[in-house]
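Analysis of the macromolecular model
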Amino acid sequence: MKILIIEDETGLRESIEEYFSDTGNICESAEDYSTALSKVNLYRYDCILLDITLPDGSGIDILKSLKDNNHKDGVLIISAKNSLDDRLNGLYLGADDYLVKPFHLSELKARVTAIIRRKMYDGNNFLHFNEIDIDLSAKTVKILGDYVKFTRKELALLIYFIANKNKVVSKNAIAEHLWGDGIDLVNNFDFIYSHIKNIRKKMVEAGCKDYIEAAYGMGYKFVDR
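Quick notes on the rules
Residues numbered from 1 in each chain as written. Predicted model: local features only at pLDDT ≥ 70, side-chain atom pairs only at ≥ 80, totals over all residues. Heavy atoms only, no water. Helix = DSSP H or I, 4+ residues; strand = E, 2+ residues; numbered from the N terminus. Rg over C-alpha atoms; globule rule 2.2 N^0.38 Å. Buried < 20%, exposed > 50% of the residue type's maximum accessible area, 1.4 Å probe, protein only. Contact = heavy atoms within 4.5 Å. Areas by Shrake-Rupley, 256 points an atom, 1.4 Å probe, with all protein chains shown as cover. Lys, Arg positive; Asp, Glu negative; His and termini not counted. Charge placed at Lys NZ, Arg CZ, Asp CG, Glu CD. Pairing = 2+ DSSP bridges.

For the rest of this paragraph, the subject is the overall build of the protein. Each helix and strand in the protein was counted, giving eight helices and 14 strands. Its C-alpha radius of gyration of 18 Å places the protein within 12% of the 17 Å reference for a compact globule of 225 residues. Projected onto its principal axes, the C-alpha coordinates of the protein cover approximately 55 × 35 × 30 Å. Within the protein, the proportion of its 225 residues that are buried is 44%. By sequence separation, contacts in the protein at least 24 residues apart represent 57% of the contacts at least 6 residues apart. Carbon together with sulfur atoms contributes 49% to the accessible area of the protein, which is approximately 11,500 Å² in total. Averaging the coordinates of the 30 positive side-chain charges in the protein and doing the same for the 35 negative ones gives two points 6 Å apart.

Looking down a regular strand, the side chains alternate between one sheet face and the other. Across three bridges, the pairing between strand E12 (residues 168-170) and strand E14 (residues 219-222) is antiparallel. Note on E14: the bridge partner recorded for valine 169 is tyrosine 220. Between strand E13 (residues 212-215) and E14, which pair antiparallel and follow one another directly, the connecting turn spans three residues, one of which, glycine 217, has a positive phi of 85°.

Following this line, the structure appears as structure tokens:
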């Protein structure tokens, strides 16, 4: 999962980032309104953890910006505000869920996972594509009924391709999704080609078709042949 944590409380922000990063997720953070707004305008996320009260603005305005620009990022509001009006306002404006502070990190993760499962995989824990079956919880892949081992990044890229099947995804989009916005400093994307080459090899050796097509000058497309 690629997650943006918008939270001005340093201890909480760092705890959330460490908790999600330790399980292999890509985490970015913003401690104020201006940084957060810049990030949501530049990058896309599987889920945004959004504090309403920020030093230089309101998280509600960030939520409105996301919806006004028709961005599909999942949004989970995390707030100390516990009134019914605050919760309803956030949900009516388009947030996917609302969690009141303080909370257990395990519950936060469960809610984030549920949001992404609903938005990207129709609420399922399993992703099926022709010969390929992926258990999203166990992070395992079967091809034609047999387990095939993928590295963490290879699996994340395979899931990303299947979730965006028949769409051209640029190298920039792939890099940002898998490595975060720090990837802007990289001079080339040879490492993406290496991951794709490994995925293709493992799929074909397991008896699967090669569904990955290069869209020259643009990126790659996972095609349902």
